[in-house]
Amino acid sequence: MRTIYWFLLIISQAFSKESTITWDEWGNCQRKHGSLDKTCLGTQSRNGRETNKKGEEIRSFSESRDCFLTTVKVDGGYTAWGEWDDCSNDCYGTTSRYRTCHDPTPCNGGKDCSDRGRDTLTKDCVPIVGQWTEWGSWGSCHMPLGVSGFGTGTHERYRHCTAPSPICDGDYCIGDSMVNENCRVVPPCFNYPMFSKKFLRLESPMVIYTSSKVDIYLRTLNKCAPETIIHTYYELYKINNETTETQIGETQWNLKFVFKPGELEIGFYRLYARIGYPDEAMAFWMEESMFVQITHPPPHAFIKGGDGRTIGEGDLDFDANSVSYSVDKGPGNPTGLTFQWKCLSFMTDNLYNLLQFNLDPVTAFNDSSEVYKKKWYETSYIQYIDDEVAFINGSTLYSVVKSLRNANTTCLLGGHIYVKTELDKYTSQAPSHDISTEVYSQLPENKTLGDFTTTVSYNNSSDILTTTLAPLYELKPLTKFYDIDYMYEMELNPRRELSTASVIPVETQSILVKNEMLEFLASLYDEDSEIFRLDTIDFFKYLSESSLTLSSLFQVGGLPGLPPSANATFFEDLNHWLENAELSKSISDNLLTLISDFKIIQPHIMRAIELVDIIGIEAFFQLKIDDSGKCLLDYLGDIFDGFITIDSMRWHDMKEQELFYLKWLGDEIFEASSCPLFNGSDNGHGNLTVTSQDVLDGMGFLLYIRVEYDHSISYFIQHAQSIPGNVQEVKIE
């Protein structure tokens, strides 16, 4: 057995002498494909080959190894937060979002991100309303058949309901996912657009009343050739449906196109304008179209007698006909107008109370589908608050702010913290030498720490004792020190000029809290903060519009004659809805004011954050380093409390309740409370019989009239309260 081993060894050695392996130099260190680490650990490779004793290559191969992309010590930083995990499979569970320590990756002994805040946020899954992405870029310009070179065509762009996608019964985005628009390729002498961009889509036409005269000119300018050598002409088409158009009139070779009063019937039109040289082959090289809607002015009428009037027992006439307005023939002529009436009755016994009832007439006539208004729950405001609260609840920063506020900690004034500085040090130029300063608390301003100090030294050659005056120092309030020194000195090396002696000991989590504070403040004041403010304003504008209708509905609570479903719980829930709406509006108004007022000093806060290494994070929260009148501690506490309070409101339930109340209004109250003895005609006259019992009960009446003229609609309301006796007719025109 041993002999066999030696034999194999001899053969192997003999074979190895028959070939030679050589290696190239290692290549550059490259990023690892697919790795999150793009700044620290990479990979490098080299090629090798084996040749025989004749120098012929037998085979080639390669190998790789880990390497460092840099030799510099790098502290790690977090990436941006990722998207929230999908909740669609578990709408009653939780969702998380993450970030990683790869921006940059810690390298060569640099710190990881453990002191820069957490890497995971978690919150409960809730219904998410879909939001559109930004519009994509426009596609290529498609020319009409037969047109080449210069000309006008169309192109499209798209957006998607994925920012976020609707999940857990959240509403889908409202609006179009695709729009098209004219595009054009024009000679260098001309500019475009020919028409205003506002009117290039059918969804946003120029609205022209049938009674108006409108002149339309092109915006195109000829920058090269005289205008006399080009042709400008217009063609008007009536839009019949989505696919067909019919030309109206002849082609007009003019500098302007004129819409004359009463010339066209109501509807949608497309006005084409074309410019070309006299050569017929070039007649269509510049073309554009705009959309126009011809409509009547809103019809005008009101119910004679004013908005609020008193009425007595008997038959009463209500007239909107004689005070109506004809588009063609002026006031007092109802020609072409169509009238619809609705009458509701409530026992109020008080005209003032009756005037509080202003139920939306759009609901009374089931016009909501035609008169659509955006709702508060279709904005992205709630989603923003939800995300911020997830950050707050998961932060160490929040616990520090809470503990300080619970301890009733009072703010320290910047003038009460003093820094020892060299007297007359700060001149127009930065100092050329390092000094050490110390931090003190609660000492009088400008108190001098001794006039001089004697330093004893010996001259080696003569052993003569000499005395040298030490630098004079004074105590500067931290606010003044910051104002004087920070701009040109501390910014270069914040820790060089101040000692690390602390007024309050720095806690072990100070760096973590500081980073969380920077992150939160940045989220309030980054480039998206203005969008947040606009979203907030829109949110509460739409919420207020809902509140007006529901507040009016709340006024009928407790009145007799309501449907059985209008029980105590019904109005308790409605009152809770209104209270939440009012409370959240008040809180958000305060938040917007707080964020806006603090914006002026926010840059100082962000820069002064370096001082927390000197005075401690808790002291910095309490410190007033400016004249804002609000401690940073109180500022953050107020913001946190506001966000958390708004987030705690059951917005989804409020949305469902609002939809229920609006349906209830249309399906039940306008049926159950309708006036049994009222007759209204489509010519603008109505008649109401008021019984003696109505007078005894103090019955009040809401009369609605809907006036339509060829698809143009207006609404008018009159409140009429019954009272005893003969009521003199009030003629209000």
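Not measured: the values here are computed from a predicted model.

Caption draft 1: Summary view of the overall build of the protein. For the protein, the count of helices and strands is 15 helices and 30 strands. Taking contacts inside the protein between residues at least 6 apart in sequence as the whole, the part at least 24 apart equals 73%. Surface accessibility of the protein: about 40,200 Å² in total, with carbon and sulfur atoms responsible for 51%.

Caption draft 2: Just the pattern of salt bridges, in detail. The full count for this structure, using the stated rule, is 24 salt bridges. We note a salt bridge from Arg405 to Asp638, for which the minimum N-O separation is 3.1 Å. Of this pair, Arg405 sits in helix H5 (residues 396-406) while Asp638 sits in helix H13 (residues 632-648), and the two are 233 residues apart along the sequence. On the accessibility criterion, Arg405 (27% relative accessible area) is partly exposed.

Caption draft 3: Spatial organisation of the sheet that holds strand E3 (residues 57-68). If you walk across this open sheet you meet the 3 strands as E1-E2-E3, and the pairing is antiparallel. Each edge of the open sheet carries a strand with a single partner, namely strand E1 (19-23) and E3. Going from strand to strand, the sheet's axes swing by 20° on average, the running direction of each strand aside. Pairing between strand E2 (residues 41-52) and E3: 11 bridges, direction antiparallel. Its bridge partner being in E3, Asn47 is matched across the sheet by Ser62.

Caption draft 4: The arrangement of helix H9 (residues 568-598) in detail. With 31 residues, H9 extends 45 Å between its outermost C-alpha atoms, agreeing within 8% with the 45 Å of an ideal straight helix rising 1.5 Å per residue. For H9, the capping residue at the N-terminal end is Asn567, with a side-chain oxygen 3.2 Å from the backbone nitrogen of Thr569.

Caption draft 5: Main features of the confidence of the model for the protein. Averaged over every residue, the pLDDT of the protein is 78; the share at 70 or more is 77%. When the criterion is pLDDT under 50, residues 426-468 qualifies, and its contacts beyond four places in sequence or with other chains add up to 84 contacts. Contacts of residues 484-506 to residues separated by more than four positions or lying in other chains number 56 contacts, the stretch itself having pLDDT below 50.

Caption draft 6: Looking closely at the state of the cysteines. Under the criterion given, the structure shown has 8 disulfides. Two residues share a disulfide in this structure: Cys161 and Cys173, whose sulfurs sit 2.1 Å from each other. Here the disulfide of Cys161 and Cys173 is right-handed, its torsion about the S-S bond being about 85°. Here Cys161, found in the loop between strand E6 (151-158) and strand E7 (178-185), pairs with Cys173, found in the loop between E6 and E7; they are 12 residues apart in sequence, far enough to count as distant. Using a relative accessible area of 9% as the deciding quantity, one classes Cys173 as buried.

Caption draft 7: Layout of the nonpolar core. Counting residues in each nonpolar core, the largest one holds 80 residues, and the members touching the most others are Leu553, Phe621, Tyr635 and Leu636. Considering each element in turn, this core owes the most residues, 11 residues, to H9. In this structure, Ile311, Phe701, Ile705 and Ala720 belong to the second largest nonpolar core, which totals 23 residues.

Caption draft 8: Looking closely at the sheet that holds strand E28 (residues 685-690). On the basis of which strands lie adjacent, the open sheet formed by 3 strands has the order E16-E28-E27 and antiparallel pairing. For this open sheet the edge positions go to strand E16 (314-319) and strand E27 (678-680), each flanked by a neighbour on one side alone. Direction aside, neighbouring strands of the sheet carry axes that sit 15° apart on average. Where E16 and E28 come together, 6 bridges link them in antiparallel fashion. Residue Gly314 lies in a different strand from E28, and its bridge partner there is Val690.

Caption draft 9: A look at the environment of Leu344. Residue placement: Leu344 occurs in strand E19 (residues 338-347). Residues Leu344 and Tyr704, spaced 360 residues apart in sequence, show a C-alpha to C-alpha distance of 8.6 Å. If we ignore the near neighbours within four places in the chain, the residues touching Leu344 are Leu359, Ile669, Phe670, Ser673, Ser674, Cys675, Gly700, Phe701, Leu702 and Tyr704.

Caption draft 10: The side chain of Asp386, seen in detail. Relative to the helices and strands, Asp386 resides in helix H4 (residues 381-393). In this structure Asp386 comes out as buried when scored by relative accessible area, which is 11%. Here the side chain of Asp386 touches Lys123 through a polar contact of 2.8 Å, side chain to side chain. Those residues in contact with Asp386 that lie beyond four places of it in its chain are Lys123, Val126 and Asp647.

Caption draft 11: Focus on the packing of helix H8 (residues 529-555) against H9. Packing of H8 against H9 leaves a shortest axis separation of 10 Å and a crossing angle of 155°. Compared by their axis directions, H8 and H9 come out roughly antiparallel. Our pair here, H8 against H9, has a crossing hand that is left-handed. A per-class count over the contact of H8 with H9 returns 15 nonpolar, 8 polar and 2 charged.

Caption draft 12: Representation of the packing of H9 against H13 in the model. Two elements in contact, H9 and H13, have axes whose closest approach is 10 Å; the angle formed by their N-to-C orientations is 150°. Where H9 crosses over H13, the two elements pack in a sense that is left-handed. Every residue of H13 that contacts H9 at Ser584, Ile587, Ser588, Leu591, Leu594, Ile595 and Phe598 is listed here: Leu632, Tyr635, Asp638, Ile639, Gly642, Phe643, Thr645 and Ile646. In terms of residue class, the contact of H9 with H13 is built from 10 nonpolar, 4 polar and 1 charged.

Caption draft 13: Quick peek at the environment of Gly117. For Gly117, the location among the structural elements is in the loop between strand E4 (94-98) and strand E5 (120-124). For Gly117, the residues in contact, after removing those within four places along its chain, are Tyr78, Arg99, Leu512 and Glu516.

The rules behind these values
Residues numbered from 1 in each chain as written. Predicted model: local features only at pLDDT ≥ 70, side-chain atom pairs only at ≥ 80, totals over all residues. Heavy atoms only, no water. Helix = DSSP H or I, 4+ residues; strand = E, 2+ residues; numbered from the N terminus. Contact = heavy atoms within 4.5 Å. Areas by Shrake-Rupley, 256 points an atom, 1.4 Å probe, with all protein chains shown as cover. Salt bridge = Lys/Arg side-chain N within 4 Å of Asp/Glu carboxyl O. Buried < 20%, exposed > 50% of the residue type's maximum accessible area, 1.4 Å probe, protein only. Pairing = 2+ DSSP bridges. Axes fitted to C-alpha atoms, helices over the stretch in contact; angles between N-to-C directions. Expected span 1.5 Å × (residues − 1). Polar contact = N/O pair within 3.5 Å; in protein donor to acceptor, adjacent residues only side chain to side chain. pLDDT = per-residue confidence, 0-100. Disulfide = S-S within 2.5 Å. Core = buried A, V, L, I, M, F, W, Y, C linked by side-chain atoms within 4.5 Å. Parallel < 35°, antiparallel > 145°, perpendicular 65-115°, else oblique. Left-handed = near helix turned anticlockwise from the far one by under 90°. Nonpolar A, V, L, I, M, F, W, Y, C, P; charged D, E, K, R; others polar.

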